Amino acid sequence: MKKLIDAAAITLFIVSLVPTAEARNLKDFNVTHLGDGAAIPNNAHFQGATHKLEVYVQGKALTELSIDLPQEISIRKGIEVKNQLGQKLKTDVSINNRKATVVFSQPVPPQTKLAINLQEVTTPGYDHIWLYQIYGKMVGINAEIPLGTVRIQTSGR
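A few points on the structure.

Each value, and the rule that gives it
- Residues numbered from 1 in each chain as written.
- Predicted model: local features only at pLDDT ≥ 70, side-chain atom pairs only at ≥ 80, totals over all residues.
- Heavy atoms only, no water.
- Helix = DSSP H or I, 4+ residues; strand = E, 2+ residues; numbered from the N terminus.
- Contact = heavy atoms within 4.5 Å.
- Areas by Shrake-Rupley, 256 points an atom, 1.4 Å probe, with all protein chains shown as cover.
- Buried < 20%, exposed > 50% of the residue type's maximum accessible area, 1.4 Å probe, protein only.
- Polar contact = N/O pair within 3.5 Å; in protein donor to acceptor, adjacent residues only side chain to side chain.
- Core = buried A, V, L, I, M, F, W, Y, C linked by side-chain atoms within 4.5 Å.
- Pairing = 2+ DSSP bridges.
- Salt bridge = Lys/Arg side-chain N within 4 Å of Asp/Glu carboxyl O.

Before going further, it helps to spend a moment on the overall build of the protein chain. Counting its regular elements, the protein chain contains one helix and 10 strands. When the elements of the protein chain are put in sequence order from the N terminus, they spell out α-β-β-β-β-β-β-β-β-β-β. Contacts in the protein chain between residues far apart in sequence, at least 24 positions, make up 70% of those at least 6 positions apart. Within the structure as shown, the protein chain displays about 9700 Å² of accessible surface, and the carbon and sulfur contribution to it stands at 55%.

Structure, rendered in structure tokens:
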């Protein structure tokens, strides 16, 4: 019994030496990252919804975004990008095969929240969770950096 108590005391002592990790808000990160995604309206039967994605530009200025599009969707009216003030940004948008590319006319500076609006999205019309993989190019970095996946759920109700 004494050995068990000694082992527990040593374990507690060792654990107390490890610094604790502080939980932080994702928006405090100093790297470009993704926010929320939503379909408006989120009714799967409605053809022509807007799929909205959020991107928080942090660290280095953003020059380009790439979006891998799910297999069964199409975008009829293009992609619009606005900043946190609701101002539309000048972009060159191309959609080839299953990939959309958004090239910014001017690099988007850090501390900018982008609203990416995929306009008039058509789907097969059933409940589904749509996954959009997002990549970015930053000033001074030649490679395409994976930013993550945005999840958009549509409902049949």
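Having seen it, we continue.
If you trace the backbone, V108 turns up in strand β7 (residues 99-108). By relative accessible area, which is 3% here, V108 ends up buried. For the pair V108 and N83, spaced 25 residues apart in sequence, the C-alpha to C-alpha distance is 9.2 Å. Ignoring anything within four residues of it in the chain, the contact list for V108 reads V57, A61, L62, L89 and L114.

When you line up the elements, T32 lands in the loop between α1 (2-17) and β1 (33-40). The spatial distance from the C-alpha of T32 to the C-alpha of K60 is 7.7 Å, given a sequence separation of 28 residues. Once residues within four sequence positions are removed from consideration, T32 is found in contact with V55, Y56, V57, Q58, K60, M138 and L147. Here the side chain of T32 touches Q58 through a polar contact of 3.1 Å, landing on its backbone oxygen.

Next up on the list: the nonpolar core. One finds I116 and Y132 to be the most contacted residues of the largest nonpolar core, which totals 28 residues. Put simply, the parts of the chain that give this core at least two residues each are β1, β2 (49-57), β3 (62-68), β5 (79-82), β7, β8 (112-122), β9 (128-138) and β10 (145-154).

Right, let's get into the pairing of strand β6 (residues 91-96). One ladder, built from six bridges, connects β6 with β7; its direction is antiparallel. Looking at β7, one finds that I95 is bridged to A100. Once β6 ends, the chain turns through two residues before running back antiparallel as β7, passing N97 with a positive phi of about 55°.

Here we take up the pattern of salt bridges. One pass over the full model with this rule turns up five salt bridges. Salt-bridge contacts for E64 lead to K137; the nearest nitrogen and oxygen are separated by 4.0 Å. Separated by 73 residues along the polypeptide, E64 in strand β3 and K137 in strand β9 bring together distant segments of the chain. Residue classification places E64 among the buried residues on the basis of a relative accessible area of 17%. By relative accessible area, K137 is classed as partly exposed at 26%. In this structure, K99 engages E144 in a salt bridge whose closest nitrogen and oxygen atoms are separated by 3.5 Å. One end of the pair, K99, is in strand β7; the other, E144, is in the loop between β9 and β10, with 45 residues separating them in the sequence. In this structure K99 comes out as partly exposed when scored by relative accessible area, which is 29%.

Below, the discussion takes up the environment of G148. Structurally, the position occupied by G148 is in strand β10. Distance from G148 to Q133, taken between C-alpha atoms, is 5.9 Å for residues 15 residues apart in sequence. Not counting chain neighbours up to four residues away, the residues in contact with G148 comprise L34, Y132, Q133 and I134.

It is worth stressing that arrangement in space is one thing and function is another; only the former is reported here.
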